[in-house]
Each structure stands twice: as C-alpha cells, then as structure tokens.
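Descriptive structure summary
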Amino acid sequence: SISTTSLSGNLTGWDFIAIPGIITENGATITIEMIKPINSFGDTVTISASTSNLKGTEIIIPANAVSTNTLIMVGRVNNPPGFPVTLKPQGTVIDFRPATGLITFNGNITIKLPYGSGVTNPNALKVYTYKISRWEAVLIDSIDIANRLVIIKTNHFSYYTLAYEIKENLNEAR
C-alpha cells in the first residue's frame, strides 16, 4: 500500500518516483508507477522509464489548476472493467488520480496518451474514459504522430485508454 502525509510549504523543484504500489478497486488492480506533488504553480508529470508500459504518458497541469497541494498518481490498470464489443483497446488502460481524496481542477488539464508501434492508423484511434460503470468517448484535442501520442484536455482524473471503434455488429458474424 501507499501512504502519504499532508503537503505543506513550497514544493517547487520536488520530483520523485514512488516505489510501485498496488491499489485494488472494483475488481481491477492498479500498479502505481509514479507519484508526484503538484501545487498551484502547476507542473508536468511524465512517465519516462524505458521499461514502463506507460512510457510517454504525460499530464500537464497549468498554474492555478489546483488550489491546494496534492500528490498525483499515475498507474497501469490490470484487469480493467470490461469493454463493449464495439471497442478494440489499443495498449494499456491508465489510471490518473490524486493520492488522497478527490481533486477538482480549476479548468482543463492536458493528458498525453502513448500508442504503440502496432497502431498503423493513429487517426482512427479514439480515447475512452471510465465513468460510472461504462466507457465513454473523450474528444481528442490533437495527435502527435512524431511522438506517438494522443492528446486530450479534461477537467477530471479517471481511467483512460485508446481504442479502435468497431463498426460491424460482431454478434451477427457467425
């Protein structure tokens, strides 16, 4: 498990990676790959470890997006909630969350989700977030083909993943 303490004082310049921990919720297990303190000055959280499935994942939190000091956690979701038959996930489901309590952003933050070399048509990718027992599409802000990133703007943390939408009714294909 991961324990945290209250944050106070100036956190500028703090940068650390937590020893991976595990969170279990609703049948999913989340392997935490990074914890970073954020304050009202804003910051960027980037997963850069070459051994991580989340390498390239990035959160850009602008100044004044949070009004109190908080710890941001990024993790890999193992055995995520099921997808509808109309979605074909591409890569890892990523969990973004505060270490304690809830967080409300004062405006949008930017999340960059990496896609793998197996993705041949990045323009066909969609981003989905898990909300109240179902996967919902998220508007894509842009796609950075050179760095293999899909970029969204959002005002909340949750599970996020990339997927292709399947147009055919698979139940009729027998």
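Below or above, wherever it landed, is the structure these notes cover. (Residues numbered from 1 in each chain as written. Predicted model: local features only at pLDDT ≥ 70, side-chain atom pairs only at ≥ 80, totals over all residues. Heavy atoms only, no water.)

Considerations on the side chain of Asn39
- Looking at the secondary structure, you find Asn39 in the loop between strand S2 (28-38) and strand S3 (43-46).
- A polar atom in the side chain of Asn39 sits 2.9 Å from the backbone nitrogen of Phe41. (Helix = DSSP H or I, 4+ residues; strand = E, 2+ residues; numbered from the N terminus. Polar contact = N/O pair within 3.5 Å; in protein donor to acceptor, adjacent residues only side chain to side chain.)

Some points on the pairing of strand S10 (residues 134-138)
- Here strand S9 (residues 125-131) runs beside S10; their pairing, made up of five bridges, is antiparallel. Residue pairing in the sheet places Lys131 in a bridge with Arg134 of S10.
- Hairpin connection of S9 to S10: two residues between the antiparallel strands, including Ile132 at a positive phi of 40 degrees. (Pairing = 2+ DSSP bridges.)

A closer look at unusual backbone geometry
- One non-glycine residue, Asn26, adopts positive backbone phi at about 50 degrees.
- Note that Asn26 resides in the loop between strand S1 (22-25) and S2.
- We note that Ser133 has phi near 70 degrees; this positive angle belongs to a residue other than glycine.
- Take Ser133: it is sitting in the loop between S9 and S10.

Concerning the packing of aromatic side chains
- One pass over the structure, following the stated rule, counts six aromatic pairs.
- Here Phe105 and Phe157 contribute two aromatic rings whose centre-to-centre distance is 5.0 Å and whose plane-to-plane angle is 80 degrees, an arrangement assigned as edge-to-face. Highlighted residues: Phe105 in the loop between strand S7 (93-98) and strand S8 (109-114) and Phe157 in the loop between strand S12 (149-154) and strand S13 (159-165), separated in sequence by 52 residues. Neither residue differs from the other here; Phe105 and Phe157 are each classed as buried.
- A ring pair is formed by Tyr130 and Tyr159, whose centres lie 6.1 Å apart and whose planes are at 25 degrees; its orientation type is stacked. Placement of Tyr130 in strand S9 and of Tyr159 in strand S13 is noted, with a sequence separation of 29 residues between them.
- A residue is classified by how much of its surface remains accessible, and Tyr130, at 22% relative accessible area, is partly exposed.
- Through successive ring pairs, a cluster of aromatic residues spans Phe83, Tyr130, Trp135 and Tyr159. (Phe/Tyr/Trp six-rings, centres within 6.5 Å; stacked < 30°, edge-to-face > 60°. Buried < 20%, exposed > 50% of the residue type's maximum accessible area, 1.4 Å probe, protein only.)

A closer look at the pairing of S7
- Most of S7 is tucked away, with six of its six residues classed as buried.
- Residues Val93, Asp95 and Arg97 point to one face of S7 and Ile94, Phe96 and Pro98 to the other, with burial holding for every one of them.
- Pairing analysis gives six bridges linking strand S5 (residues 70-78) to S7, with the strands arranged antiparallel. Note that in S7 the partner of Met73 across the bridge is Arg97.
- In the sheet, S7 pairs with S13 via two bridges, with the strands oriented antiparallel. Following the sheet pairing, Ile94 is matched in S13 by Tyr160.

Keep in mind these values describe shape, not function.
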